[in-house]
Amino acid sequence: MIYRLLALNIDGTLLQTNGKIHKSTKEAIEYVQQKGIYVTLVTSRSFPSARKVAKALRIKSPLITHQGAFIASSEDKPIYVKRINEDIAYDTISFLEALPCQIRLVHEQFSLANKLKLNNNLLNKTVFTSGDPVFYSQQFVSSLTEYLHDQPVSPPKIEVYFEEESDLQDAKKALRKMYTEIDLIELDSLRLDIVPTGVSKLSGLSYLASQLGIQRKEMVYIGDGIDDIPLLEAVGLGVSMWNAEFVVKKASDWVTRSQNEQGVAYMVKEHFRKQQPIEFLRKMNIIKK
């Protein structure tokens, strides 16, 4: 099979546990780009945060960010954007503020969060703000609903971090009954992402691929999260990291090394070294576009 697109998750995949990108990973991305393979990032992160990683990897193509709600190569010219309606965002956050949880409204230009401090050190284990560039405005307020009452916002995504697993499940059940305009993506037992209906990493990658004329079977995806499973199952070659949960590995076609063992670089060397450059394949009429 000839692969024309490589898509990668960021946290737990491209980044090591220290938050850095290994030199061999950068070299691997450059290697596949030189072969004419389209490379993009697919992430739950905000666009500015993803762009920071893309810049380090010299990826200039549009990035699929905010769980697929915001696709762009530059912030001011998105090729696709879908937002949660202002009223729905307000009502959703009003409901969530009655629960012990950290709520983060994520816009492409800023983030807004409540000041609640969780008791179980959850935020120390999450990429809550560490990946955001210094110029990305991050504001904490005592009441999000009071702020939004005066300054309505229509965000691509809302992140919620819970103290208790039972609260997440209760919130999911209630919100699904309350609104059809939002989808709920469970990242782990304590983290929930709220996005507009129909938005997902898979829908985002499918949209970008359709713009490029690339079929799903021609795509490779590397990821490690629960929210990566639909992608791993849909693309031509779904690759999970060794550090992924078993259910993620089970959904993939191939398992590479862990994020601290340069799993992305290892996978690229194993699969792409045998593939001829895309331009050569075009000249030989092996591929049409």
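Parameters and conventions
- Residues numbered from 1 in each chain as written.
- Predicted model: local features only at pLDDT ≥ 70, side-chain atom pairs only at ≥ 80, totals over all residues.
- Heavy atoms only, no water.
- Axes fitted to C-alpha atoms, helices over the stretch in contact; angles between N-to-C directions.
- Helix = DSSP H or I, 4+ residues; strand = E, 2+ residues; numbered from the N terminus.
- Left-handed = near helix turned anticlockwise from the far one by under 90°.
- Contact = heavy atoms within 4.5 Å.
- Nonpolar A, V, L, I, M, F, W, Y, C, P; charged D, E, K, R; others polar.
- Buried < 20%, exposed > 50% of the residue type's maximum accessible area, 1.4 Å probe, protein only.
- Salt bridge = Lys/Arg side-chain N within 4 Å of Asp/Glu carboxyl O.

Engineer: Would you explain the packing of helix α2 (residues 23–34) against helix α10 (residues 263–272) in this entry?
Structural biologist: If you want to describe how two helices pack, look at the angle between their axes and the distance between the axes. For the pair α2 and α10, interaxial distance at closest approach is 8 Å and the crossing angle is 30 degrees. Once α2 is placed against α10, the crossing between them reads as left-handed. In this structure, α2 contributes S24, T25, A28, I29, Y31 and V32 to the contact, and α10 contributes V264, A265, V268 and F272. Grouping the amino acids of the contact of α2 with α10 by side-chain chemistry returns 8 nonpolar, 2 polar and no charged.

Engineer: Honestly, α10 in this entry has me stumped. Any pointers?
Structural biologist: An α-helix turns once per 3.6 residues; consequently, residues spaced three or four apart project the same way. Among the residues making up α10, those that are buried are G263, V264, A265, M267, V268 and F272. On its buried face, α10 is in contact with β1 (5–8), α1 (10–14), α2, β12 (219–223), β13 (237–240) and β14 (254–255).

Engineer: How should I be thinking about the pattern of salt bridges in this particular structure?
Structural biologist: Where charged atoms of side chains with opposite charge meet at close range, the side chains can pair. For the structure on display, the rule yields 11 salt bridges. Taking the shortest distance from any N to any O, the salt bridge between E218 and R4 comes out at 3.4 Å. Placement of E218 in the loop between α7 (201–212) and β12 and of R4 in the segment before β1 is noted, with a sequence separation of 214 residues between them. Assigned by exposure class, E218 and R4 land together as buried. Here E108 ties to R83 by a salt bridge, and the two come within 2.6 Å at their closest N and O atoms. Placement of E108 in the loop between β6 (101–106) and β7 (110–114) and of R83 in the loop between β5 (80–81) and α4 (86–96) is noted, with a sequence separation of 25 residues between them. For E108, a relative accessible area of 6% corresponds to the buried category.

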